[in-house]
Amino acid sequence: MAVDSDLSSPLGPPACEKDAKALQFIEDMTRNADSVQEKVLAEILSRNAETEYLQGFQLGGSTDRDTFKSKVPVVTYEDLQPIIQRIANGDRSPILSSQPISEFLTSSGTSAGERKLMPTIHEELDRRQKLYSLLMPVMNLYVPGLDKGKGLYFLFVKAETKTPGGLVARPVLTSYYKSDHFKNRPHDPYMVYTSPNETILCADSFQSMYSQMLCGLLMRQQVLRVGAVFASGLLRAIRFLQLNWKQLVHDIEKGTLLNPRITDPSIRECMSNILKPNPELAQFISKECSGENWESIITRIWPNTKYLDVIVTGAMAQYIPTLDYYSGGLPKSCTMYASSECYFGLNLKPMCKPTEVSYTIMPNMAYFEFLPHAAHDSPRQLVELADVQVGKEYELVITTYAGLCRYRVGDILLVTGFHNSAPQFKFIRRKNVLLSIDSDKTDESELQKAIESASLLLREYFNTSIVEYTSYADTRSIPGHYVIYWELLVKDPVNSPSHEVLNQCCLAMEESLNSVYRQGRVADNSIGPLEIRVVKNGTFEELMDYAISRGASINQYKVPRCVNFTPIMELLDSRVVSAHFSPSAPHWTPERRR
């Protein structure tokens with residue numbers, strides 16, 4: 001399609017007129033970031049002026065930034081939890097938002113071991129959809145011809161539940177995939193997936209993965225990009241292919257779903273329209289998958305793949321070497337930055353290296369403030385979106401249309417530059433997160449609690465205590481798993497804990513970890529069994545000696561509760577005397593514990 005020259009963009013030549021309008025929208029929003037922010041805050045405050053929450057701060061109808069900042073405090077989830085619980089219990093009065101709370105979005109972050117409940121309103125779907133609509137116009141600037149094929153994306157819905165008051169509580173992506181915005185989306189040649197909606201919307205993770213993989217194999221020559229939400233999810237798909245290729249080949253050869261585990265009627269019906277006997281394809285897949293060498297398997301099976309669309313920033317960066325192995329080093333694109341609380345922005349250079357990914361905050365999405373990040377808790381003045389400084393780290397604080405006011409998200413961001421007047425940020429880390437394999441986030445206090453829970457088994461029956469411990473997220477296997485190093489003090493060698501008891505300690509730790517971790521273990525199969533490695537006595541003293549030899553102060557040295565530095569890992573692993581795994585999965589149900 002010819003594009004009107006008047007619609008050209010500073011970002012680059014658009015692929016079509018629709019793209020030109022999207023790119024112009026990005027320019028309009030980022031050129032006037034501060035005035036857009038001022039307007040967004042005024043809109044939020046005037047709309048929610050009569051809510052119980054804002055009424056409590058006596059703004060008197062003011063919608064300006066100075067009054068808002070002087071009267072409304074910065075809060076955490078724990079501060080809002082009593083209010084959120086009232087809404088969850090059925091209070092329909094305008095507490096946080098003048099518009100009805102339509103559902104709760106469950107965060108991967110947790111509070112007291114359970115997923116955080118983020119209230120949302122129906123119009124937020126429109127706002128999220130708007131950000132989604134900007135992604136491909138930007139990508140088309142860098143990768144031409146994406147309208148000539150399809151995307152193989154492994155997308156899944158997760159378990160949902162209802163609050164005592166009857167509102168649905170589910171992850172943000174599950175909410176989006178089940179919405180009319182996704183299910184009834186208009187045809188867009190740049191956004192065609194190999195997976196039919198029925199395969200994505202099946203709640204059974206095996207049936208969903210199997211049917212999506214089957215569709216991807218059947219359409220292998222049409223696939224131009226391969227993706228999942230997180231890098232870990234794409235690697236799980238590869239592992240699934242390793243374990244199930246024989247059955248997939250059988251179904252392709254015969255042209256019908258013969259796998260007895262695929263029982264979902266909607267999947268069976270839609271696959272009956274796609275599957276036709278294809279012995280040649282079955283033979284090809286069998287040849288590629290039966291060998292020991294799976295290097296570049298993605299480009300061998302899907303030879304026209306131009307890039308991988310996965311998040312590889314933050315904790316997901318640990319998966320980059322494995323992705324490179326399976327893809328032959330294909331580019332990895334991180335397109336957008338979002339959370340359950342709010343969608344934030346997008347990457348205007350989506351084909352950059354993972355280490356160079358920066359997200360441009362879209363100022364129309366919410367009102368953003370930034371808390372200068374420091375190791376100490378001295379008073380710090382919050383900074384406006386347009387006033388952040390390049391090279392400095394900040395914690396993100398948001399005010400949303402759904403009623404969150406000056407809410408600390410917990411993400412630490414580094415300012416890398418500006419696009420027009422809108423800042424660009426590199427995601428550094430989630431505040432206080434120690435271990436993460438998939439969407440799980442385990443902090444130091446949660447790990448300590450799990451250690452204490454397991455130590456009861458040792459103390460009560462074997463007079464044994466844990467002298468020291470550390471941990472790391474082992475992502476060399478698929479799925480990855482938590483590894484905990486223990487140094488034990490066995491006070492009665494005749495009655496030392498057995499191998500079976502230490503296995504039970506692994507399970508006791510898992511039972512104590514938060515619901516997101518346990519869901520990953522039980523329902524999503526995204527996390528492997530927890531492992532405890534018992535090390536020789538004196539190992540942690542050696543660890544301290546090593547740290548001091550590298551310049552650490554002996555007076556200030558503290559055992560790191562998580563390690564990833566190769567020499568330290570090698571030291572610990574060289575001192576392991578026994579390794580133990582959870583003998584079974586921990587308890588998990590979609591219902592909240594309280």
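In the nomenclature of an unreviewed UniProt entry, the protein chain corresponds to Putative indole-3-acetic acid-amido synthetase GH3.1 from the organism Davidia involucrata. One UniProt comment on the protein chain, placed under Sequence similarities (unreviewed entry), says "Belongs to the IAA-amido conjugating enzyme family."

K.L.:
Tell me about the packing of helix H11 (residues 231–254) against helix H13 (residues 279–290), residues and numbers included.
P.N.:
Interhelical geometry of H11 versus H13 gives an angle of 165° and a closest axis separation of 8 Å. The angle between the axes of H11 and H13 places the two elements in the roughly antiparallel class. With respect to the hand of their crossing, H11 and H13 are arranged in left-handed fashion. Residues Leu241, Trp245, Val249, Ile252 and Glu253 of H11 pack against Pro279, Leu281, Ala282, Ile285, Ser286, Cys289 and Ser290 of H13. Looking at the contact of H11 with H13 residue by residue, the class counts come to nine nonpolar, two polar and one charged.

K.L.:
Pulling in residues and values, what's your account of the pattern of salt bridges?
P.N.:
Under the criterion given, the structure shown has 31 salt bridges. In this structure, Glu369 and Lys69 form a salt bridge, with 4.0 Å as the shortest nitrogen-oxygen distance. With Glu369 in strand E12 (residues 367–372) and Lys69 in helix H4 (residues 65–71), the pair connects residues that are 300 residues apart, well separated along the chain. On the accessibility criterion, Glu369 (0% relative accessible area) is buried. Put simply, Glu468 and Arg561 hold a salt bridge, and the shortest N to O gap is 2.9 Å. Placement of Glu468 in strand E19 (residues 464–474) and of Arg561 in the loop between helix H19 (539–549) and helix H20 (566–574) is noted, with a sequence separation of 93 residues between them.

K.L.:
Just give me the short version of the state of the cysteines, but keep the residues and values in it.
P.N.:
Scanning the model with the defined rule gives zero disulfides in all. Residue Cys505 stays outside any disulfide, its sulfur separated by 7.1 Å from that of Cys506, the closest cysteine. Classification of Cys505 by relative accessible area gives buried; the value is 0%.

K.L.:
Outline the packing of aromatic side chains, supporting the account with residue identities and numerical values.
P.N.:
Ring pairs (aromatic) are described by centroid distance and by the angle formed between their planes. The full count for this structure, using the stated rule, is 21 aromatic pairs. Seen in terms of ring centroids, Phe206 and Phe240 are 5.2 Å apart; in terms of plane orientation they differ by 55°. Their pairing is tilted. Of this pair, Phe206 sits in helix H10 (residues 205–218) while Phe240 sits in helix H11, placing them 34 residues apart in sequence. Residue classification places Phe206 among the buried positions, given a relative accessible area of 14%.

K.L.:
Got a sec to walk through the sheet that holds strand E20 (residues 481–490)? Specific residues and values, please.
P.N.:
Judged by pairing direction, the sheet is mixed, and its four strands sit side by side in the order E19-E20-E21-E22 without closing on themselves. Because the sheet does not close on itself, it has two edges, and the strands there are E19 and strand E22 (576–581). Averaged over all adjacent pairs, the angle separating strand axes in this sheet is 25°, with direction ignored. Here strand E21 (residues 531–535) pairs with E22 via five bridges, running antiparallel. Considered in E22, the bridge of Val534 is made with Ser578.

The rules behind the values
Each chain carries its own residue numbering, running from 1 in the written order of its sequence. Two thresholds apply to this predicted model, a pLDDT of at least 70 for residue-level local features and 80 or more for giving and counting side-chain atom pairs, whereas whole-chain, interface and lining totals are computed over all residues. With hydrogens and water excluded, all non-hydrogen atoms of the structure serve as input to the side-chain values. UniProt positions are given in the numbering used here, feature names are shortened, and annotations may be inferred rather than shown by experiment. Axis definition: a line fitted to C-alpha atoms, limited for helices to the stretch in contact. Angles are taken between N-to-C directions and run from 0 to 180 degrees. The helix and strand labels rest on DSSP assignments: H or I over at least four residues marks a helix, E over at least two residues marks a strand, and numbering proceeds from the N terminus. For this classification, under 35 degrees means roughly parallel, over 145 means roughly antiparallel, 65 to 115 means roughly perpendicular, and everything else is oblique. Two helices cross in a left-handed way if the nearer one is turned anticlockwise from the farther one by less than a right angle. They cross in a right-handed way if the turn is clockwise. The contact definition used throughout considers only heavy atoms, calling two residues in contact when any of these lie within 4.5 Å. When residues are grouped by polarity, Ala, Val, Leu, Ile, Met, Phe, Trp, Tyr, Cys and Pro land in nonpolar, Asp, Glu, Lys and Arg in charged, and all others, Gly among them, in polar. What counts as a salt bridge is simple: a side-chain nitrogen of Lys or Arg found within 4 Å of a carboxyl oxygen of Asp or Glu. Relative accessible area decides the class of each residue, using a 1.4 Å probe on protein chains only: under 20% of the type maximum gives buried, over 50% gives exposed, and in between gives partly exposed. For this text, the term disulfide refers to a pair of cysteine sulfurs within 2.5 Å. Any Phe, Tyr or Trp ring, taking Trp's six-membered ring, that has another such ring centre within 6.5 Å forms a pair; planes under 30 degrees apart are called stacked, those over 60 apart edge-to-face, and the others tilted. For two strands to pair, DSSP has to find at least two bridges joining them.

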